[in-house]
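Per-entry structural report
Letter by letter, the chains look like this.
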Amino acid sequence: MASGAPQQSSQMADETPGFLDTFFRDFPAPLSPESPLPWKAPGPVLSQEEVEGELAELALSFLNSRNAPPPLASSLAHEAVSQLLQMDLSEFRKLPRQEEEDNEEEEKEKAPVTLLDAKGLARSFFNRLWEVCSQWQKQVPLTTRAPQRQWLVSIHAIRNTRRKMEDRHVCLPTFNQLFGLSDSVDHAYFAVFDGHGGVDAARYAAVHVHANTARQPELLTDPARALREAFRHTDEMFLGKAKRERLQSGTTGVCALITGKTLHVAWLGDSQVILVQQGQVVKLMEPHKPERQDEKERIEALGGFVSHMDCWRVNGTLAVSRAIGDVFQKPYVSGEADAASRELTGSEDYLLLACDGFFDVVPHQEVAGLVQSHLVRQQGSGLHVAEDLVAAARERGSHDNITVMIVFFRDPRDLLEGGARGAGDSQADGRSCDLPSDLSEPENNTPQRS
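Residues numbered from 1 in each chain as written. Predicted model: local features only at pLDDT ≥ 70, side-chain atom pairs only at ≥ 80, totals over all residues. Heavy atoms only, no water.

1. A few points about the packing of helix 2 (residues 51-65) against helix 5 (residues 118-138)
Viewed as axis vectors pointing N to C, helix 2 and helix 5 meet at an angle of 60 degrees, and their least axial separation amounts to 11 Å. With respect to their mutual orientation, helix 2 and helix 5 come out oblique. Helix 5 is crossed by helix 2, and the crossing has right-handed handedness. From helix 2, V51, L55, L58, A59, F62 and L63 reach across to helix 5, where they touch L121, A122, F125, F126 and L129. (Axes fitted to C-alpha atoms, helices over the stretch in contact; angles between N-to-C directions. Helix = DSSP H or I, 4+ residues; strand = E, 2+ residues; numbered from the N terminus. Parallel < 35°, antiparallel > 145°, perpendicular 65-115°, else oblique. Left-handed = near helix turned anticlockwise from the far one by under 90°. Contact = heavy atoms within 4.5 Å.)

Listed below in C-alpha coordinates is the structure:
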(Lines give C-alpha, C1' and ligand atoms only; values in the text may rest on other atoms or scores of the structure.)
Protein backbone atom coordinates (compact mmCIF):
# COMPACT_ATOMS: atom_id res chain seq x y z
CA MET A 1 0.00 0.00 0.00
CA ALA A 2 1.13 3.52 -0.62
CA SER A 3 2.18 5.86 2.08
CA GLY A 4 0.26 8.81 3.45
CA ALA A 5 0.46 12.55 2.97
CA PRO A 6 3.83 13.33 4.63
CA GLN A 7 5.56 10.71 2.51
CA GLN A 8 3.76 12.00 -0.60
CA SER A 9 5.13 15.49 0.04
CA SER A 10 8.57 13.99 0.63
CA GLN A 11 8.28 12.00 -2.61
CA MET A 12 7.35 15.15 -4.51
CA ALA A 13 10.35 16.94 -3.02
CA ASP A 14 12.58 14.05 -4.12
CA GLU A 15 11.18 13.98 -7.65
CA THR A 16 11.08 17.73 -8.29
CA PRO A 17 14.83 18.38 -8.83
CA GLY A 18 15.11 15.55 -11.36
CA PHE A 19 12.10 16.75 -13.30
CA LEU A 20 13.31 20.36 -13.39
CA ASP A 21 16.85 19.32 -14.40
CA THR A 22 15.40 17.41 -17.36
CA PHE A 23 13.13 20.34 -18.24
CA PHE A 24 16.09 22.74 -18.40
CA ARG A 25 18.17 20.31 -20.45
CA ASP A 26 15.42 20.42 -23.07
CA PHE A 27 14.62 24.12 -22.65
CA PRO A 28 17.82 25.89 -21.52
CA ALA A 29 16.38 29.33 -22.27
CA PRO A 30 13.00 31.01 -22.75
CA LEU A 31 11.51 30.89 -26.23
CA SER A 32 12.62 33.49 -28.72
CA PRO A 33 10.06 35.04 -31.08
CA GLU A 34 11.30 32.65 -33.79
CA SER A 35 11.30 29.47 -31.67
CA PRO A 36 8.62 26.87 -32.43
CA LEU A 37 6.02 26.44 -29.70
CA PRO A 38 6.38 23.24 -27.65
CA TRP A 39 2.61 22.97 -27.50
CA LYS A 40 -0.38 23.67 -29.72
CA ALA A 41 -2.09 27.00 -29.17
CA PRO A 42 -5.72 26.56 -28.03
CA GLY A 43 -7.32 27.98 -31.18
CA PRO A 44 -6.77 31.30 -32.95
CA VAL A 45 -8.25 33.52 -30.23
CA LEU A 46 -9.32 33.37 -26.58
CA SER A 47 -11.73 35.56 -24.70
CA GLN A 48 -10.47 37.08 -21.46
CA GLU A 49 -12.69 34.65 -19.52
CA GLU A 50 -11.20 31.63 -21.28
CA VAL A 51 -7.56 32.44 -20.55
CA GLU A 52 -7.27 30.88 -17.09
CA GLY A 53 -8.86 27.55 -17.98
CA GLU A 54 -7.18 27.17 -21.36
CA LEU A 55 -3.68 28.02 -20.12
CA ALA A 56 -4.02 25.80 -17.05
CA GLU A 57 -5.01 22.96 -19.39
CA LEU A 58 -2.11 23.75 -21.70
CA ALA A 59 0.39 23.63 -18.84
CA LEU A 60 -1.06 20.48 -17.27
CA SER A 61 -1.06 18.62 -20.59
CA PHE A 62 2.54 19.63 -21.25
CA LEU A 63 3.86 18.88 -17.76
CA ASN A 64 2.01 15.58 -17.48
CA SER A 65 3.38 14.49 -20.85
CA ARG A 66 6.85 15.04 -19.36
CA ASN A 67 5.97 12.93 -16.31
CA ALA A 68 5.96 15.76 -13.81
CA PRO A 69 4.74 14.68 -10.34
CA PRO A 70 1.01 15.61 -10.48
CA PRO A 71 1.02 17.94 -7.44
CA LEU A 72 4.06 19.72 -8.89
CA ALA A 73 2.45 19.99 -12.34
CA SER A 74 -0.70 21.54 -10.87
CA SER A 75 1.25 23.89 -8.60
CA LEU A 76 3.51 25.06 -11.42
CA ALA A 77 0.52 25.57 -13.70
CA HIS A 78 -1.27 27.62 -11.04
CA GLU A 79 1.72 29.85 -10.35
CA ALA A 80 2.43 30.46 -14.05
CA VAL A 81 -1.22 31.24 -14.84
CA SER A 82 -1.50 33.55 -11.82
CA GLN A 83 1.59 35.50 -12.86
CA LEU A 84 0.42 35.81 -16.44
CA LEU A 85 -3.02 37.07 -15.40
CA GLN A 86 -1.32 39.87 -13.46
CA MET A 87 0.30 41.11 -16.66
CA ASP A 88 -1.13 43.67 -19.06
CA LEU A 89 -2.51 41.47 -21.83
CA SER A 90 -3.51 44.34 -24.14
CA GLU A 91 -0.62 43.55 -26.49
CA PHE A 92 -2.41 40.31 -27.39
CA ARG A 93 -5.73 41.98 -28.20
CA LYS A 94 -7.13 41.17 -31.64
CA LEU A 95 -9.62 43.15 -33.68
CA PRO A 96 -13.00 41.48 -34.27
CA ARG A 97 -13.47 39.53 -37.46
CA GLN A 98 -15.95 40.84 -40.02
CA GLU A 99 -18.67 38.37 -39.06
CA GLU A 100 -18.40 39.50 -35.45
CA GLU A 101 -18.81 43.11 -36.54
CA ASP A 102 -21.90 42.06 -38.50
CA ASN A 103 -23.40 40.74 -35.25
CA GLU A 104 -22.70 43.97 -33.39
CA GLU A 105 -26.28 45.22 -33.66
CA GLU A 106 -27.64 41.93 -32.30
CA GLU A 107 -25.20 41.95 -29.39
CA LYS A 108 -25.16 45.70 -28.68
CA GLU A 109 -26.81 45.38 -25.28
CA LYS A 110 -24.20 42.90 -24.07
CA ALA A 111 -20.75 43.75 -22.76
CA PRO A 112 -18.16 43.63 -25.56
CA VAL A 113 -15.96 40.53 -25.66
CA THR A 114 -12.22 41.14 -25.66
CA LEU A 115 -10.46 38.58 -27.85
CA LEU A 116 -6.78 37.80 -27.42
CA ASP A 117 -4.28 36.20 -29.78
CA ALA A 118 -3.99 32.63 -28.53
CA LYS A 119 -0.65 31.88 -30.19
CA GLY A 120 1.00 34.96 -28.74
CA LEU A 121 -0.44 34.19 -25.33
CA ALA A 122 0.78 30.59 -25.54
CA ARG A 123 4.32 31.76 -26.28
CA SER A 124 4.33 34.33 -23.47
CA PHE A 125 2.82 31.75 -21.12
CA PHE A 126 5.52 29.19 -21.84
CA ASN A 127 8.17 31.75 -20.97
CA ARG A 128 6.28 32.56 -17.77
CA LEU A 129 6.20 28.84 -16.93
CA TRP A 130 9.94 28.66 -17.70
CA GLU A 131 10.60 31.50 -15.25
CA VAL A 132 8.56 29.80 -12.52
CA CYS A 133 10.45 26.54 -13.06
CA SER A 134 13.72 28.50 -12.81
CA GLN A 135 12.65 30.02 -9.50
CA TRP A 136 11.49 26.68 -8.13
CA GLN A 137 14.71 24.94 -9.18
CA LYS A 138 16.39 27.10 -6.57
CA GLN A 139 13.66 26.76 -3.92
CA VAL A 140 10.24 25.11 -4.10
CA PRO A 141 7.77 27.22 -2.07
CA LEU A 142 6.95 25.72 1.31
CA THR A 143 3.24 26.14 0.58
CA THR A 144 3.45 23.55 -2.21
CA ARG A 145 2.05 20.28 -0.92
CA ALA A 146 0.59 17.03 -2.16
CA PRO A 147 -3.06 16.09 -1.58
CA GLN A 148 -3.74 14.47 1.79
CA ARG A 149 -4.98 11.23 0.25
CA GLN A 150 -4.39 9.20 -2.86
CA TRP A 151 -7.08 7.98 -5.20
CA LEU A 152 -7.33 4.78 -7.17
CA VAL A 153 -9.19 5.58 -10.39
CA SER A 154 -9.82 3.23 -13.33
CA ILE A 155 -10.68 4.93 -16.64
CA HIS A 156 -11.38 3.53 -20.07
CA ALA A 157 -12.81 5.24 -23.16
CA ILE A 158 -13.37 4.00 -26.71
CA ARG A 159 -14.61 5.49 -29.95
CA ASN A 160 -16.44 2.24 -30.63
CA THR A 161 -18.14 2.12 -34.04
CA ARG A 162 -18.67 5.88 -34.26
CA ARG A 163 -16.67 7.87 -36.80
CA LYS A 164 -15.27 10.26 -34.17
CA MET A 165 -14.51 10.19 -30.47
CA GLU A 166 -16.60 12.98 -28.92
CA ASP A 167 -16.30 12.01 -25.22
CA ARG A 168 -13.89 13.75 -22.86
CA HIS A 169 -13.13 13.15 -19.19
CA VAL A 170 -11.29 14.86 -16.36
CA CYS A 171 -9.54 13.29 -13.37
CA LEU A 172 -8.18 16.00 -11.05
CA PRO A 173 -7.33 14.98 -7.48
CA THR A 174 -4.98 17.99 -7.30
CA PHE A 175 -7.83 20.53 -7.58
CA ASN A 176 -6.50 22.54 -4.61
CA GLN A 177 -3.03 22.77 -6.13
CA LEU A 178 -4.24 23.75 -9.61
CA PHE A 179 -6.33 26.63 -8.28
CA GLY A 180 -4.20 27.67 -5.32
CA LEU A 181 -6.77 26.82 -2.66
CA SER A 182 -5.30 27.23 0.81
CA ASP A 183 -8.31 25.46 2.33
CA SER A 184 -7.21 22.60 4.60
CA VAL A 185 -9.92 20.40 3.04
CA ASP A 186 -8.82 18.64 -0.13
CA HIS A 187 -11.02 18.88 -3.22
CA ALA A 188 -10.92 16.12 -5.84
CA TYR A 189 -12.80 16.55 -9.13
CA PHE A 190 -13.88 13.89 -11.62
CA ALA A 191 -16.03 14.36 -14.73
CA VAL A 192 -17.28 12.76 -17.95
CA PHE A 193 -18.57 14.79 -20.90
CA ASP A 194 -20.42 13.22 -23.83
CA GLY A 195 -20.33 15.42 -26.91
CA HIS A 196 -22.63 15.39 -29.93
CA GLY A 197 -22.42 17.19 -33.26
CA GLY A 198 -18.65 17.50 -32.85
CA VAL A 199 -16.14 17.46 -30.01
CA ASP A 200 -15.83 21.21 -29.42
CA ALA A 201 -18.41 21.49 -26.63
CA ALA A 202 -17.15 18.42 -24.76
CA ARG A 203 -13.56 19.59 -24.95
CA TYR A 204 -14.60 23.06 -23.81
CA ALA A 205 -16.55 21.70 -20.84
CA ALA A 206 -13.62 19.47 -19.87
CA VAL A 207 -11.40 22.55 -19.71
CA HIS A 208 -13.74 25.14 -18.19
CA VAL A 209 -16.31 23.56 -15.83
CA HIS A 210 -13.76 22.89 -13.09
CA ALA A 211 -12.03 26.24 -13.71
CA ASN A 212 -15.37 28.03 -13.37
CA THR A 213 -16.15 25.97 -10.26
CA ALA A 214 -12.94 27.15 -8.63
CA ARG A 215 -13.89 30.78 -9.29
CA GLN A 216 -17.29 30.55 -7.61
CA PRO A 217 -17.48 32.42 -4.29
CA GLU A 218 -19.77 29.63 -2.96
CA LEU A 219 -17.17 26.89 -3.53
CA LEU A 220 -16.19 26.59 0.12
CA THR A 221 -19.66 27.16 1.60
CA ASP A 222 -22.03 25.58 -0.95
CA PRO A 223 -20.09 23.42 -3.44
CA ALA A 224 -23.24 22.01 -5.07
CA ARG A 225 -24.39 25.52 -5.94
CA ALA A 226 -20.89 26.33 -7.21
CA LEU A 227 -21.07 23.35 -9.57
CA ARG A 228 -24.48 24.36 -10.88
CA GLU A 229 -23.30 27.89 -11.52
CA ALA A 230 -20.11 26.58 -13.19
CA PHE A 231 -22.17 24.53 -15.65
CA ARG A 232 -24.43 27.51 -16.38
CA HIS A 233 -21.53 29.87 -16.90
CA THR A 234 -19.59 27.40 -19.05
CA ASP A 235 -22.67 27.05 -21.25
CA GLU A 236 -22.91 30.83 -21.53
CA MET A 237 -19.20 31.07 -22.44
CA PHE A 238 -19.43 28.31 -25.03
CA LEU A 239 -22.50 29.82 -26.66
CA GLY A 240 -20.49 33.00 -27.17
CA LYS A 241 -17.67 31.01 -28.75
CA ALA A 242 -20.14 29.02 -30.85
CA LYS A 243 -21.64 32.22 -32.27
CA ARG A 244 -18.19 33.67 -32.99
CA GLU A 245 -16.86 30.51 -34.61
CA ARG A 246 -20.12 29.07 -35.97
CA LEU A 247 -20.02 25.89 -33.91
CA GLN A 248 -23.10 23.72 -33.51
CA SER A 249 -21.97 21.01 -31.10
CA GLY A 250 -23.22 20.31 -27.61
CA THR A 251 -22.34 18.07 -24.68
CA THR A 252 -23.97 16.43 -21.72
CA GLY A 253 -21.89 16.08 -18.60
CA VAL A 254 -21.65 14.71 -15.10
CA CYS A 255 -19.12 15.57 -12.42
CA ALA A 256 -18.26 14.68 -8.85
CA LEU A 257 -16.48 17.01 -6.43
CA ILE A 258 -15.31 15.32 -3.24
CA THR A 259 -14.59 17.82 -0.48
CA GLY A 260 -13.30 16.11 2.63
CA LYS A 261 -16.12 13.81 3.76
CA THR A 262 -18.82 15.19 1.48
CA LEU A 263 -19.68 14.15 -2.08
CA HIS A 264 -21.20 16.71 -4.44
CA VAL A 265 -22.45 15.75 -7.89
CA ALA A 266 -23.84 17.84 -10.75
CA TRP A 267 -25.19 16.79 -14.11
CA LEU A 268 -26.62 18.07 -17.35
CA GLY A 269 -28.31 15.63 -19.73
CA ASP A 270 -28.05 11.85 -19.65
CA SER A 271 -24.47 11.22 -18.53
CA GLN A 272 -24.75 9.67 -15.07
CA VAL A 273 -23.00 8.92 -11.79
CA ILE A 274 -23.90 6.20 -9.30
CA LEU A 275 -22.52 5.33 -5.87
CA VAL A 276 -21.96 1.76 -4.73
CA GLN A 277 -22.04 1.34 -0.95
CA GLN A 278 -21.46 -2.02 0.70
CA GLY A 279 -22.21 -3.73 -2.60
CA GLN A 280 -25.51 -1.89 -3.16
CA VAL A 281 -26.18 0.76 -5.82
CA VAL A 282 -27.24 4.13 -4.41
CA LYS A 283 -29.05 6.39 -6.87
CA LEU A 284 -27.70 9.93 -6.76
CA MET A 285 -29.49 11.59 -9.67
CA GLU A 286 -32.20 11.50 -12.32
CA PRO A 287 -30.85 12.06 -15.86
CA HIS A 288 -32.40 14.77 -18.03
CA LYS A 289 -34.24 13.13 -20.91
CA PRO A 290 -36.92 14.61 -23.19
CA GLU A 291 -39.50 12.01 -22.11
CA ARG A 292 -39.27 13.00 -18.44
CA GLN A 293 -42.60 14.62 -17.65
CA ASP A 294 -41.12 17.73 -16.04
CA GLU A 295 -38.67 18.17 -18.93
CA LYS A 296 -41.44 17.72 -21.51
CA GLU A 297 -43.59 20.32 -19.75
CA ARG A 298 -40.67 22.76 -19.53
CA ILE A 299 -39.93 22.43 -23.25
CA GLU A 300 -43.56 22.78 -24.27
CA ALA A 301 -44.00 25.84 -22.04
CA LEU A 302 -41.20 27.50 -24.02
CA GLY A 303 -42.96 26.73 -27.31
CA GLY A 304 -41.00 23.63 -28.25
CA PHE A 305 -42.15 20.04 -28.53
CA VAL A 306 -41.03 16.50 -27.73
CA SER A 307 -41.68 13.79 -30.30
CA HIS A 308 -40.80 10.13 -30.71
CA MET A 309 -38.90 9.08 -33.80
CA ASP A 310 -36.31 6.38 -33.17
CA CYS A 311 -36.28 7.77 -29.62
CA TRP A 312 -37.72 10.78 -27.79
CA ARG A 313 -36.29 14.00 -29.19
CA VAL A 314 -36.51 17.75 -28.56
CA ASN A 315 -38.05 19.54 -31.55
CA GLY A 316 -37.51 16.38 -33.59
CA THR A 317 -33.70 16.63 -33.36
CA LEU A 318 -31.77 16.16 -30.11
CA ALA A 319 -32.23 13.14 -27.85
CA VAL A 320 -31.18 15.13 -24.76
CA SER A 321 -33.10 17.89 -23.03
CA ARG A 322 -30.20 19.63 -21.28
CA ALA A 323 -26.68 20.26 -22.51
CA ILE A 324 -23.86 22.75 -22.79
CA GLY A 325 -23.93 24.26 -26.28
CA ASP A 326 -26.48 23.36 -28.96
CA VAL A 327 -26.80 27.02 -29.79
CA PHE A 328 -29.69 26.55 -32.22
CA GLN A 329 -31.77 24.59 -29.69
CA LYS A 330 -31.60 27.07 -26.84
CA PRO A 331 -33.62 27.57 -24.65
CA TYR A 332 -35.44 24.27 -25.24
CA VAL A 333 -32.21 22.39 -24.53
CA SER A 334 -31.34 23.97 -21.20
CA GLY A 335 -27.88 24.69 -19.82
CA GLU A 336 -29.11 24.60 -16.20
CA ALA A 337 -27.57 21.70 -14.29
CA ASP A 338 -28.97 19.86 -11.29
CA ALA A 339 -26.82 19.02 -8.27
CA ALA A 340 -26.95 16.96 -5.09
CA SER A 341 -24.77 16.44 -2.01
CA ARG A 342 -24.25 13.46 0.27
CA GLU A 343 -22.21 12.97 3.43
CA LEU A 344 -19.69 10.12 3.23
CA THR A 345 -19.76 7.65 6.10
CA GLY A 346 -16.70 5.53 5.27
CA SER A 347 -18.79 2.59 4.08
CA GLU A 348 -18.79 3.68 0.40
CA ASP A 349 -17.11 1.37 -2.12
CA TYR A 350 -16.77 3.46 -5.27
CA LEU A 351 -18.30 5.98 -7.65
CA LEU A 352 -18.98 5.20 -11.30
CA LEU A 353 -19.30 8.00 -13.85
CA ALA A 354 -20.21 7.14 -17.44
CA CYS A 355 -21.88 8.41 -20.59
CA ASP A 356 -25.08 7.07 -22.13
CA GLY A 357 -23.06 4.73 -24.33
CA PHE A 358 -22.65 2.69 -21.16
CA PHE A 359 -25.85 3.33 -19.21
CA ASP A 360 -28.16 2.80 -22.19
CA VAL A 361 -27.25 -0.90 -22.20
CA VAL A 362 -26.05 -1.63 -18.63
CA PRO A 363 -28.70 -1.18 -15.91
CA HIS A 364 -27.61 0.39 -12.62
CA GLN A 365 -28.39 -2.77 -10.65
CA GLU A 366 -25.91 -4.83 -12.70
CA VAL A 367 -22.90 -2.60 -12.11
CA ALA A 368 -21.94 -3.96 -8.68
CA GLY A 369 -22.05 -7.54 -9.94
CA LEU A 370 -19.87 -6.74 -12.95
CA VAL A 371 -17.32 -4.97 -10.79
CA GLN A 372 -17.30 -7.75 -8.20
CA SER A 373 -16.80 -10.40 -10.89
CA HIS A 374 -13.83 -8.47 -12.24
CA LEU A 375 -12.27 -8.13 -8.79
CA VAL A 376 -12.65 -11.88 -8.19
CA ARG A 377 -10.93 -12.68 -11.50
CA GLN A 378 -8.17 -10.14 -10.86
CA GLN A 379 -7.64 -11.11 -7.21
CA GLY A 380 -8.70 -7.72 -5.92
CA SER A 381 -6.98 -5.49 -8.47
CA GLY A 382 -9.22 -2.69 -9.69
CA LEU A 383 -6.75 -1.30 -12.21
CA HIS A 384 -8.55 -2.58 -15.30
CA VAL A 385 -12.14 -2.74 -14.11
CA ALA A 386 -13.22 0.15 -16.38
CA GLU A 387 -12.00 -1.82 -19.40
CA ASP A 388 -14.21 -4.74 -18.41
CA LEU A 389 -17.24 -2.51 -18.01
CA VAL A 390 -16.68 -0.86 -21.39
CA ALA A 391 -16.32 -4.30 -22.96
CA ALA A 392 -19.59 -5.40 -21.32
CA ALA A 393 -21.41 -2.40 -22.80
CA ARG A 394 -19.99 -3.10 -26.23
CA GLU A 395 -20.94 -6.77 -26.05
CA ARG A 396 -24.50 -5.74 -25.17
CA GLY A 397 -24.82 -3.78 -28.38
CA SER A 398 -23.62 -0.24 -27.64
CA HIS A 399 -22.36 1.45 -30.81
CA ASP A 400 -21.83 4.85 -29.19
CA ASN A 401 -18.64 6.31 -27.76
CA ILE A 402 -18.20 4.75 -24.31
CA THR A 403 -16.41 6.31 -21.33
CA VAL A 404 -16.35 4.72 -17.87
CA MET A 405 -14.59 6.10 -14.79
CA ILE A 406 -14.53 4.33 -11.42
CA VAL A 407 -13.28 6.21 -8.36
CA PHE A 408 -12.60 3.85 -5.47
CA PHE A 409 -13.27 5.02 -1.93
CA ARG A 410 -11.82 1.80 -0.51
CA ASP A 411 -9.08 -0.55 -1.59
CA PRO A 412 -10.62 -3.06 -4.02
CA ARG A 413 -9.00 -5.91 -2.07
CA ASP A 414 -11.07 -4.90 0.93
CA LEU A 415 -14.21 -5.13 -1.19
CA LEU A 416 -13.41 -8.77 -1.83
CA GLU A 417 -12.58 -9.48 1.79
CA GLY A 418 -15.60 -7.61 3.15
CA GLY A 419 -13.24 -5.34 5.05
CA ALA A 420 -14.63 -2.40 6.95
CA ARG A 421 -11.83 0.05 6.36
CA GLY A 422 -13.09 3.59 5.99
CA ALA A 423 -12.92 5.74 2.91
CA GLY A 424 -10.20 7.89 4.41
CA ASP A 425 -7.93 4.91 5.07
CA SER A 426 -7.55 3.62 1.53
CA GLN A 427 -4.55 4.62 -0.51
CA ALA A 428 -2.88 3.02 -3.48
CA ASP A 429 0.46 3.41 -5.15
CA GLY A 430 1.00 4.10 -8.84
CA ARG A 431 0.59 6.80 -11.43
CA SER A 432 -1.44 9.93 -11.19
CA CYS A 433 -4.78 10.39 -12.89
CA ASP A 434 -4.11 14.08 -13.55
CA LEU A 435 -4.59 13.57 -17.26
CA PRO A 436 -5.06 16.43 -19.70
CA SER A 437 -8.78 16.61 -20.28
CA ASP A 438 -8.38 17.29 -23.98
CA LEU A 439 -7.66 13.71 -25.00
CA SER A 440 -7.70 12.97 -28.70
CA GLU A 441 -9.19 9.63 -29.72
CA PRO A 442 -8.72 7.98 -26.28
CA GLU A 443 -9.12 4.43 -27.62
CA ASN A 444 -7.36 2.70 -24.79
CA ASN A 445 -6.77 4.90 -21.76
CA THR A 446 -4.81 3.05 -19.16
CA PRO A 447 -6.04 2.87 -15.57
CA GLN A 448 -4.90 5.71 -13.39
CA ARG A 449 -3.77 6.07 -9.83
CA SER A 450 -2.79 9.07 -7.83
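2. Observations regarding the pattern of salt bridges
Throughout the structure, instances matching the rule amount to 20 salt bridges. Note that D26 is salt-bridged to R66, the shortest N-O span being 2.4 Å. Here D26 is found in helix 1 (residues 5-26), whereas its partner R66 is found in the loop between helix 2 and helix 3 (70-85), with 40 residues between them in sequence. According to the relative accessible area criterion, D26 is partly exposed, its value standing at 44%. R66 sits in the partly exposed class, given a relative accessible area of 22%. Between R203 and E54 there is a salt bridge, and its shortest N-O distance comes to 2.9 Å. Placement of the pair is R203 in helix 7 (residues 200-215) and E54 in helix 2, with a sequence separation of 149 residues. For the pair R203 and E54, one class covers both residues: buried. Here the salt bridges share partners, and the residues they tie into one network are E229, R232 and E236. (Salt bridge = Lys/Arg side-chain N within 4 Å of Asp/Glu carboxyl O. Buried < 20%, exposed > 50% of the residue type's maximum accessible area, 1.4 Å probe, protein only.)

3. Some thoughts on the packing of aromatic side chains
Counted by the stated rule, this structure contains 19 aromatic pairs. Here the aromatic rings of F23 and F24 are separated by 5.2 Å at their centres, their planes lie at 85 degrees, and the arrangement is edge-to-face. No difference in accessibility class separates F23 from F24, as the two residues are buried. A network of ring pairs unites the aromatic residues F23, F24, F27, W39, F62, F125, F126 and W130 as a single cluster. The ring of W151 carries the charged tip of R149 above its face, separated from the ring centre by 3.7 Å. (Phe/Tyr/Trp six-rings, centres within 6.5 Å; stacked < 30°, edge-to-face > 60°. Lys NZ or Arg CZ within 6 Å of the ring centre and 35° of its normal.)

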